[in-house]
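# Examining the three-dimensional arrangement
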Amino acid sequence: MHEAEMVGLEDESAKIRKWILEVDGPSTVIGIVGMGGIGKTTLAQKICQSESVKNCFNHLVFVTVSQSFKLNELLKKMLKKLDVEEESLRGMDVEELLESLNRKLDAKYLVVLDDVWETNEAMWWDSLKSGLPRVEGSCVIVTTRNDKVAKSMGAARRCIHYPQTLSNEDSWSLFSKVAFARTGGKCTNPDLEGLGKEIVVRCEGLPLTIKVVGGMMLGKSDSIHEWRRISEHLKEELGINKKDELIISRLELSYEELPTHLKPCFLCFAMFPEDFEIYVPDMVNWWIGEGFVRGKNGKTAFEMGEECFSELFNRFLILGVHKDLFERSFHLCKMHDMVRDMVIRIAREESIFVGLDCGGSSAFSEQSRRLGIVGNTTVDSIANSPTKLRTLVGMDIQSIEMIVSLKANLCKVRWLRVLSLSLSERKLDADVVCSDWLSGIESLHHLLYLNIERSSAVRSLPDSIGNLRNLRILCLLYSPNLKSLPVSITTLEKLTVIQIFDPHSLECMPEGLGKLSNLERLGWFSPVNKNGSGISELKSLTKLRELWMDIKSVEEIEEGEWNVLSMLQHLQILKLAFGRISVERDGVVRKIESELSPPLKFLRELFIWNWPGERTPAWLSPTSLPNLQFLYISGREGRIREMGPRFWDSESGVWKVEVLVLQFLYELEEEWQRMRRAMPSLRLLEVYKCPKLKSFPFDVTDRSEVKIWRRGEEGN
């Protein structure tokens, strides 16, 4: 929840802020101790969001520790929070990481270690302390369920805070914000208020329980019968369970009350390790592959999957970690550890999956249909139960034995529907992991979702991938040595998604792309006229809703071909990236401007990278793009000096743009008031490295930080 939506924390956060701001020694430790679900993390977050705290420290690092962790991975997380590039951390041992941390914390700092369980295992805290320099006024906050942990880390009794459960008034306030979110947090039905307050009392003042139960009631609308039924159910449990078991029973009730279609989607989260950050689009693709979500009522399967996510977010069964660029929805999420414990237990009882944590192993139940593997696990389960497996998810795979096992047994898991593998390149030798490790894939006739991430070993896909006649989603992310895609891909008529991210080595899509008439999302396309697909092939892809085009050469696009885009009536998201096109060549920009001018009336989002002209293109106007809501413009070399004249065209109306992002436009000179008049609906502006903008509501000359303006803030 946003800070403004938090309740009951004012006095507690003020108390701890006072402790922090009055620290007079080096690296003082402060503890926040309490049972799961009482709001320790939320309290720590609120403290860190305080302006007085942010202004007091040069460095602020907030990391989750959890039950199962490795010190080297924890140190890397801390260093990345300090803006150290992940690439530079590869190959470092613990001592080197500690030295790097010591150097980075070169001034007053605040470090928050959230959800600490143990301190004695391998003496990790003693090691970590050696990387925390003794800087006057610096502070460490630790949140834990056990006050012995806080004390063992050096927190004095006077510096340990025990959060209290919420008062009835604060409990009702928090519950109302969630359960009555559709009416602005206000209960508009007097008949529900009494029942609602009865339900709140039975949540025992625990914030997690209140939010989860509130999210459950959000789906009950104004049904008096349903509210009374839930109230009576909670009343009965209150007399049966001990107080420390109440939160578990409330969480279980929230699962029981889920709509039928959401239950299998929710149980999929049991596959992930503690505090694992889950990429939302990957999860939606998994649900589609499993058949849990399908297109309905004019919406695509992916859009239906996003709606399922929204329902789980609203019920607080999953927590948002990072929103997308436009702050509309979360792209990353994770689970509260108590919710995770609950979903794992249910999944095991129902033989939904078997999960393997880092460094461990587990027997594969004959009834299980899903296998999750993490880290350095060696697995025999693939071979042991080939006829049962429907889903195989591998996360941060570091074991060559695992790859060898996968290669040997892939042909045996014939009923597999979902195969998603994320490899750890820093642990795997690309010479040992042969490029043909997917050679057995042709036998997976039932596969619907194939996802391969972070594999330099993938230099090509086997031509036999054309045998996967049921494949609907193909994702190849961060595969720097991928040279080409087989022509046989163009025979996969059921494909709805091709997503290729960071395709440095890939030149083009194979010729015949237009045969894939069911494509809805084409995540990378570079048009060529020889030995590959040209832009004219797009005219057959009439179902496209999202298109990313990488224009490496203007000469590859023949006269009149740009008009193909106007035929894509369902296109909502368009991403245009231009290669290093020389503006000195006569007519290059004029050619692009004149030919790339189709009216895209249904387009909602437009991304432009490295536009080669000194003005934005003539077709970038409210007339050509009447329904555009999100506009992103980034220039690697900063050639754009001004917005084109049609950008300000108001003859047929004003821009409907709500979000504008400007990045790396070093020469752009425009005024804030003119921008606000042209875009009256603008609610979010993000600016990075655009030092010549005039009269903007923040200092744009500082090139080191992203600047964000929101409607209602200063400068409106």
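Only a predicted model underlies this, so the values are computations on that prediction, with no experimental measurement involved. (Residues numbered from 1 in each chain as written. Predicted model: local features only at pLDDT ≥ 70, side-chain atom pairs only at ≥ 80, totals over all residues. Heavy atoms only, no water.)

Summing up its helical and strand segments, the protein has 21 helices and 23 strands in all. Partitioning the intrachain contacts of the protein with sequence separation of at least 6 by distance along the chain shows that 67% fall at a separation of at least 24. When the accessible surface of the protein is totalled, it reaches about 31,500 Å², and 46% of it is carbon and sulfur. (Helix = DSSP H or I, 4+ residues; strand = E, 2+ residues; numbered from the N terminus. Contact = heavy atoms within 4.5 Å. Areas by Shrake-Rupley, 256 points an atom, 1.4 Å probe, with all protein chains shown as cover.)

Looking now at the confidence of the model for the protein. Across the protein, the average pLDDT comes to 81, with 83% of residues at or above 70. Within the protein, the element-level pLDDT minimum falls on helix H18 (residues 381-384), averaging 56, and the maximum on strand E20 (residues 630-634), averaging 94. Predicted confidence is poor over residues 357-364, with pLDDT under 50, and the contacts of this stretch with residues over four places away or in other chains come to 23 contacts. Across residues 430-434 the pLDDT falls below 50, and counting only partners more than four positions away or on other chains, this stretch makes eight contacts in the model. (pLDDT = per-residue confidence, 0-100.)

Of note, Asn297 is a non-glycine position whose phi angle comes to about 55°, a positive value. Note that Asn297 resides in the loop between helix H15 (280-290) and helix H16 (301-314). Residue class for Asn297 comes out exposed when judged on its relative accessible area of 70%. Residue Asn610 is not a glycine yet carries a positive backbone phi of 60°. On the secondary structure map, Asn610 appears in the loop between strand E19 (605-609) and E20. (Buried < 20%, exposed > 50% of the residue type's maximum accessible area, 1.4 Å probe, protein only.)

Another aspect to go through is the sheet that holds strand E1 (residues 28-33). Whenever strands of a sheet pair, they do so through backbone hydrogen bonds, lying parallel or antiparallel. The five strands are arranged E2-E3-E4-E1-E5 in an open sheet whose pairing can be described as parallel. On the outer flanks of this sheet lie strand E2 (59-66) and strand E5 (160-161), each paired with one strand and no other. (Pairing = 2+ DSSP bridges.)

In total, this model carries 26 aromatic pairs according to the counting rule given. With 4.9 Å between their ring centres and 80° between their planes, Phe647 and Trp648 make a pair best called edge-to-face. Each member of the pair, Phe647 together with Trp648, is buried. Geometrically, the ring pair formed by Phe696 and Phe698 is tilted, given 6.4 Å between the ring centres and 40° between the ring planes. Take Phe696: its relative accessible area is 9%, and that puts it in the buried class. Accessibility expressed as a relative area gives 17% for Phe698, which makes it buried. Among the aromatic side chains, those forming a connected cluster through ring pairs are Tyr255, Phe266, Phe269, Trp287, Phe309 and Phe313. The ring of Phe302 is capped by Arg521, whose NZ or CZ atom sits 4.0 Å from the centre of that ring. (Phe/Tyr/Trp six-rings, centres within 6.5 Å; stacked < 30°, edge-to-face > 60°. Lys NZ or Arg CZ within 6 Å of the ring centre and 35° of its normal.)

Turning our attention to helix H10 (residues 190-201). An ideal rise of 1.5 Å per residue puts 16 Å on 12 residues; H10 measures up with 18 Å between its terminal C-alpha atoms. Taken together, the buried positions of H10 are occupied by Leu192, Leu195, Gly196, Ile199 and Val200. Seen from one end, H10 has its buried residues packed into an arc of 145°, which puts them on one side. You can read the cap of H10 off the contacts: a side-chain oxygen lies 3.0 Å from the backbone nitrogen of Asp191, and it is on Asn189. (Expected span 1.5 Å × (residues − 1). Arc of directions from axis to C-beta. Polar contact = N/O pair within 3.5 Å; in protein donor to acceptor, adjacent residues only side chain to side chain.)

Under the definition given, this model contains 26 salt bridges. Of the charged contacts in the structure, one is a salt bridge between Asp337 and Arg145, with a shortest N-O distance of 3.0 Å. Linking Asp337 in helix H17 (residues 337-349) with Arg145 in the loop between strand E4 (139-144) and helix H8 (147-152), this pair joins segments that are 192 residues apart in sequence. (Salt bridge = Lys/Arg side-chain N within 4 Å of Asp/Glu carboxyl O.)

A large share of strand E18 (residues 573-578) lies buried, amounting to five of its six residues. Where strand E17 (residues 546-551) and E18 come together, six bridges link them in parallel fashion. Following the sheet pairing, Leu547 is matched in E18 by Leu574. Where E18 meets E19, five bridges bridge the pair, whose relative direction is parallel. Bridging from a neighbouring strand, Ile573 pairs with Glu605 of E19.

On to the nonpolar core, then. Judged by nonpolar contacts, the single largest core of 93 residues is most densely connected at Leu522, Leu538, Leu547, Met549, Leu606, Leu631 and Met679. Non-local contacts of Met549, meaning those with residues more than four positions away in its chain, are made with Phe525, Pro527, Ile535, Leu538, Trp562, Leu565, Lys575, Leu576 and Ala577. Within the second largest apolar cluster, 52 residues are counted, among which are Ala270, Leu317, Met335 and Ala347. (Core = buried A, V, L, I, M, F, W, Y, C linked by side-chain atoms within 4.5 Å.)

This brings us to the packing of helix H1 (residues 10-21) against helix H2 (residues 40-49). Packing of H1 against H2 brings their axes to within 10 Å, and their N-to-C directions diverge by 60°. By the angle class used here, H1 and H2 are oblique. Along this stretch, H1 crosses H2, giving a crossing that reads as right-handed. Residues Glu12, Ser13, Ile16, Arg17 and Ile20 of H1 touch H2, and the partners they reach there are Leu43, Lys46 and Ile47. Residue composition of the contact of H1 with H2, grouped by class: four nonpolar, one polar and three charged. (Axes fitted to C-alpha atoms, helices over the stretch in contact; angles between N-to-C directions. Parallel < 35°, antiparallel > 145°, perpendicular 65-115°, else oblique. Left-handed = near helix turned anticlockwise from the far one by under 90°. Nonpolar A, V, L, I, M, F, W, Y, C, P; charged D, E, K, R; others polar.)

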